[in-house]
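Listed here are the chains, written in short residue letters.
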Amino acid sequence: MVGISIRKGRSEPSARKHAERVHIASSGSAATRAILFLLTLVVVALIVILGISSRRKANAQLSEETRELAIPTVTVIHPKRGAPQQEIVLPGDMQPYTDAPIYARTTGYLKSWNADIGARVKAGQLLAEIDTPEVDQQLQQARSDLETAEANLHLAGITATRYKDLMKTDSVAQQDVDNATGNFEARRTAVESAKSNVKRLEDLQSFKKIYAPFDGLITARNTDIGALIDSGSGGAAHELFHIAAVNRLRVYVNVPQVYSPHIKPGLRAELSLAEFPGRHFNGMIVRDSGAIDNATRTLLTEIDVNNPSGELKPGGYVEVHLQLPSAVTTFTLPVNTIIFKSAGMQVATVKEGKTIDLVAITPGRDFGTEIEVLAGLRGDESVVINPADSLTNGESVRVAQTQPAAGGNR
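Note that this is a predicted model, so its numbers are computed, not measured.

## Brief notes about the packing of aromatic side chains
Argument step 1. Per the stated rule, a full pass over the model turns up one aromatic pair.
Argument step 2. Ring geometry for phenylalanine 276 and phenylalanine 281: centres 5.6 Å apart, planes at 70°, overall edge-to-face. By the burial criterion, phenylalanine 276 is buried, and phenylalanine 281 matches it.
Argument step 3. The ring of tyrosine 97 has arginine 248 sitting right over it, with the charged end atom 5.4 Å from the ring centre.

Next comes the structure, spelled out in structure tokens:
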């Protein structure tokens, strides 16, 4: 019994120690778990915070890039100022200085012709001769009628003289004297009428020979030997020849209304033709119509040019170069800067290098790849090349490049 008590007395402290060790171990394990849990929460929180932050940063960067991409990039150019004296080039039509169709004034058959197309003739030169048998017969008859009338007049004169002598001796009545005198006057009038008829037929017969009315060039011959010639009494007259004076030519141009105040007689012009590359012919403005054509809004202007050698052909096309003083400051822009809208022509300018400002312009001459601007620009604007139709006032843009000024002095 003693032995058993001693073993029990020894085992109780050991049990307590073991329990304490177990309790201490349990407490340490719980604290460790708590610390690990807290560390895990901290790591997760850091991961979440870092993820949200990076996503926000990425979204902000994406938004910024989207905004940047939404701003259109444009290329701009500066207008080119026009010269104080400007040259305008207009199409012209060359015409002979004098141009006339030649008709016959008598009826018959063409007997001969002496000038063909391309022939240069002098004033009074014989061009053709017409055989007029009917007119010749009429003239011969008229002359015979004149001789008869003159014979009757002579007899009436003798009779009137005799009756007047007989009246002195009261051998005839006064009535007979008056009749004889009246008959004499009537015969004299008939003679004058016959002379006029002869003169008319002689003039008509003289038209059988056709002469050139002025120095010129035969540009057309519309008849030949044996052809029936009608003066127009039996139908429409037929043109025999066409003659043109080409030593000097008239050049007609239609000047736009905006330049019409500068058109004055005496203003010199240069003419150029495709068939004479590199050559210029001098002309001068001599007159204009004095009125603007309602259909074309242009002023018809005549320019005279000497053509002694005949190099310039009437009826041809010519370009007329006119040097006009510029009353207003003009600018030149490429045509790909123009915006066409119902309100009129506009250009898009970049204001302060950031925003769009649409400016209405007044166009002048069209040079093909470039256009003249008469009003709307100051000259220091940055004009957008190839602007989109969707551009609006105040829209933000980015300027990518500035090209040199458009065009050159004209």
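## Digging into the pattern of salt bridges
Argument step 1. Evaluation of the coordinates by the stated rule reveals 10 salt bridges.
Argument step 2. Among the salt bridges present, the one from aspartate 136 reaches lysine 208, with a minimum N-O distance of 3.7 Å. Taken as a pair, aspartate 136 in helix H2 (residues 133-168) and lysine 208 in the loop between helix H3 (174-206) and strand E7 (209-211) lie far apart in primary sequence, 72 residues in all.
Argument step 3. Among the residues examined, lysine 208 registers a relative accessible area of 17% and is labelled buried.
Argument step 4. A salt bridge links arginine 250 to glutamate 302, with the shortest nitrogen-to-oxygen separation between them at 2.8 Å.

## As for the sheet that holds strand E20 (residues 370-375)
Hydrogen bonds between backbone groups are what pair the strands of a sheet, and the pairing can be parallel or antiparallel.
Argument step 1. What the four strands build is an open sheet, ordered E2-E15-E20-E19; its pairing is antiparallel. The sheet terminates laterally at strand E2 (80-81) and strand E19 (362-366), the two strands that pair on one side only.

## With respect to the environment of leucine 127
Argument step 1. Position of leucine 127 relative to the elements: it lies in strand E6 (residues 126-131).
Argument step 2. Expressed as a C-alpha distance, the spacing of leucine 127 and serine 112, which sit 15 residues apart in the sequence, is 8.6 Å.
Argument step 3. Setting aside residues no more than four positions away along its own chain, leucine 127 makes contact with Trp113, Asn114, Ala115, Val121, Ile210, Tyr211, Ala212, Ile218 and Phe241.

## Side note on the nonpolar core
Argument step 1. Counting 26 residues, the largest nonpolar core has Val251, Ile303, Leu312, Val320 and Leu322 as the members making the most contacts within it.
Argument step 2. If you list the elements that add at least two residues to this core, you get strand E3 (85-102), strand E10 (241-256), strand E11 (268-272), strand E12 (281-292), strand E13 (298-306) and strand E14 (317-325).
Argument step 3. The element best represented in this core is E10, accounting for six residues.
Argument step 4. Those residues in contact with isoleucine 303 that lie beyond four places of it in its chain are Leu249, Arg250, Val251, Val253, Ala269, Gly283, Met284, Ile285, Val320 and Leu322.
Argument step 5. Counting 18 residues, the second-largest nonpolar core is a separate cluster that includes Leu110, Val121, Leu127 and Leu240.

## A few points about a nonpolar patch on the surface
Argument step 1. Together, Ile35, Leu36 and Leu39 make up a nonpolar patch on the protein surface, roughly 300 Å² of accessible area in all.
Argument step 2. Checked against the element boundaries, leucine 36 lands in helix H1 (residues 2-70).

## Here's the deal with the sheet that holds strand E4 (residues 108-113)
Argument step 1. Spatially, the four strands line up as an open sheet ordered E7-E6-E4-E9, and their pairing is antiparallel. Since the sheet does not close on itself, it has two edges, and those belong to E7 and strand E9 (228-229), each with one partner.
Argument step 2. Where E4 and E9 come together, two bridges link them in antiparallel fashion. Across the sheet, residue tyrosine 109 finds its bridge partner in E9, namely leucine 228.

## Side note on the environment of lysine 111
Argument step 1. Here lysine 111 shows up in strand E4.
Argument step 2. Between the C-alpha atoms of lysine 111 and alanine 227, which are 116 residues apart in sequence, the distance is 8.5 Å.
Argument step 3. Look past the residues within four positions of lysine 111 in its chain and what remains in contact with it is Glu129, Ile130, Asp131 and Ile225.

## Looking at the confidence of the model for the protein chain
Argument step 1. Of all residues in the protein chain, 85% attain a pLDDT of 70 or more, and the chain-wide mean is 83.
Argument step 2. When pLDDT is averaged over each element of the protein chain, E13 comes out on top at 96 and H1 at the bottom at 65.
Argument step 3. Predicted confidence is poor over residues 1-10, with pLDDT under 50, and the contacts of this stretch with residues over four places away or in other chains come to zero contacts.

## As for the side chain of threonine 132
Argument step 1. Looking at where threonine 132 falls in the secondary structure, it is placed in the loop between E6 and H2.
Argument step 2. Discounting chain neighbours no more than four positions away, the residues touching threonine 132 are Thr106, Thr107, Gly108 and Lys208.

Rules used in this analysis
Within any chain, residue numbers begin from 1 and follow the written order of that chain's sequence. A pLDDT threshold of at least 70 governs which residues receive local features in this predicted model, and a stricter bar of 80 or more applies before side-chain atom pairs are shown or counted, although totals over entire chains, interfaces and linings include all residues. Note: side-chain values were computed over all heavy atoms of the structure, leaving out hydrogens and water. Pairing of aromatic side chains requires ring centres within 6.5 Å, counting the rings of Phe and Tyr and the six-membered ring of Trp. Pairs whose planes differ by under 30 degrees are stacked, by over 60 edge-to-face, and all others tilted. Burial classification: accessible surface area is computed with a 1.4 Å probe over protein chains only, and a residue below 20% of its type maximum counts as buried, one above 50% as exposed, and the rest as partly exposed. In our convention, an over-ring charge means Lys NZ or Arg CZ found within 6 Å of a ring centre and within 35 degrees of that ring's normal. When a carboxyl oxygen of Asp or Glu is within 4 Å of a side-chain nitrogen of Lys or Arg, the pair counts as a salt bridge. The helix count covers DSSP runs of H or I at least four residues long, the strand count covers runs of E at least two residues long, and both are numbered beginning at the N terminus. Only strands joined by at least two bridges in the DSSP assignment are considered to pair. Working rule for contacts: check all heavy atoms of both residues, and any pair within 4.5 Å makes them a contact. The set of buried Ala, Val, Leu, Ile, Met, Phe, Trp, Tyr and Cys residues whose side-chain atoms join them within 4.5 Å is what this entry labels a nonpolar core. Only residues whose relative accessible area exceeds 30% and that form no salt bridge enter a patch; like-charged residues are grouped when within 9 Å of one another, and nonpolar side chains (Val, Leu, Ile, Met, Phe, Trp, Tyr) when within 5 Å. For accessible areas, the Shrake-Rupley method is used with a probe of radius 1.4 Å. Any residue's cover is judged against the shown protein chains and nothing else. The predictor attaches a confidence to each residue, called pLDDT, with possible values from 0 through 100.

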